[in-house]
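An overview of the molecular structure
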Amino acid sequence: MALLTLKGIGKRYRQGEVEVEALHGVDLSMEEGEFAALVGPSGSGKTTLLNLIGGLDAPSQGSAHLNGTDIAALDEAALSDFRLYQLGFIFQAYNLVPVLSALENVELVMVLQGRPAAERRERALHYLRLVGLEQLTDRRPSALSGGQQQRVAVARALAAGPRLVLADEPTANLDSENAAALLDVMHRLSHEEKTTFLFSTHDPRVVERAERIITLRDGRIADDRRVTPDHDH
Ligand code: ADP
Ligand code: MG
């Protein structure tokens, strides 16, 4: 069974008198362990699609199943649990808590998950090491570079043990060197941890690291192909 199955999923936004059809009945499935880029021009529906999969927004039509669960059928409480245990989110603005250290930021989701303190600490240190930040665990976000902050966000997402990590333009605020390095970290983790990643991007250096490239155009999938990623840059 596929990890993620979207069937005819669509989204219409209403703005006053105007209706925008952001997604038109998209079908998509992803297998466990895939490392996929979602590309397409601005306004093509990338954020909308990620938000529907993440249960951050409700579809106007169609369904999204993750790991057998119909996301739109969950009530508020079940949906927050679902997000907490099944999904990892990485945003372009990092979304770290400014008054917490890198280590505390990574531990925070695991506090909500009710994991014991020792396990939280161990997992947080493990993932911060995997993203290469073992020397910087006590720093607050303001004392870290953009690339380092985003690596904290990756560690935070992975430490919670999600089935699927959704990332909306995770490298948008990084220079291309940091963007490439971040993708290499994500790619390594996806292989070592068998975690599935779906990330939207505009950045060609990010796209070339994907194993699958899904192209949206005007709210439809215009292309979907598996590729051999290029890591020699
Ligand atoms: P992308 O992330 O690829 O740039 P989006 O998913 O943000 O695309 O947007 C897809 C379309 O939906 C665009 O036409 C956008 O203007 C519209 N849209 C997105 N969010 C909203 C909203 N909250 N209200 C109205 N229209 C929206
Ligand atoms: Mg977007």
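Residues numbered from 1 in each chain as written. Chains lettered and ligands numbered in written order. Predicted model: local features only at pLDDT ≥ 70, side-chain atom pairs only at ≥ 80, totals over all residues. Heavy atoms only, no water.

1. Topic: the pairing of strand β2 (residues 18-30)
The sheet contact formed by strand β1 (residues 4-15) and β2 spans nine bridges and is antiparallel. By the bridge assignment, I9 is partnered in β2 with V26. Connecting β1 to the antiparallel partner β2 that follows it, the hairpin turn spans two residues, and G16 within it adopts a positive phi of roughly 65 degrees. (Pairing = 2+ DSSP bridges. Helix = DSSP H or I, 4+ residues; strand = E, 2+ residues; numbered from the N terminus.)

2. Description of the packing of aromatic side chains
The tally for this structure, following the rule as stated, stands at three aromatic pairs. Ring plane angle 70 degrees and centroid distance 5.5 Å describe the contact between F35 and F197, whose orientation is recorded as edge-to-face. One end of the pair, F35, is in strand β3 (residues 35-39); the other, F197, is in strand β8 (residues 196-200), and 162 residues separate them in sequence. In this structure, F35 and F197 share a single accessibility class: buried. Ring centres of F35 and F199 lie 4.9 Å apart, and the angle between their planes is 55 degrees; this geometry places the pair in the tilted category. Here F199 lies in strand β8 and F35 lies in strand β3, a separation of 164 residues in the sequence. For F35, a relative accessible area of 0% translates into the label buried. An aromatic cluster is built from F35, F197 and F199, whose rings are joined through pairwise contacts. (Phe/Tyr/Trp six-rings, centres within 6.5 Å; stacked < 30°, edge-to-face > 60°. Buried < 20%, exposed > 50% of the residue type's maximum accessible area, 1.4 Å probe, protein only.)

3. Details of unusual backbone geometry
Negative phi values dominate among residues other than glycine, just as trans dominates among peptide bonds. The backbone of N95 shows a phi angle near 55 degrees, a positive value even though the residue is not glycine. The phi dihedral of D218 is positive, around 50 degrees, even though this residue is not glycine. The class of D218 is exposed, set by a relative accessible area of 58%.

4. Re the sheet that holds strand β10 (residues 220-226)
If you walk across this open sheet you meet the six strands as β6-β7-β8-β3-β9-β10, and the pairing is mixed. This sheet does not close on itself; its edge strands, each paired only once, are β6 (87-90) and β10. Along the sheet, successive strands turn relative to each other by an average axial angle of 15 degrees, direction set aside. As paired elements, β3 and strand β9 (residues 212-217) share four bridges and run parallel to each other. Opposite A37, over in β9, you have I213 as the bridge partner. The sheet strands contacting helix α1 (residues 46-53) are β3, β6, β7 (164-168), β8 and β9, and the helix crosses β7 at an angle near 150 degrees. Here helix α5 (residues 146-159) sits on the sheet and contacts β6, β7 and β8; the angle it forms with β6, its principal contact strand, is near 170 degrees. (Axes fitted to C-alpha atoms, helices over the stretch in contact; angles between N-to-C directions. Contact = heavy atoms within 4.5 Å.)

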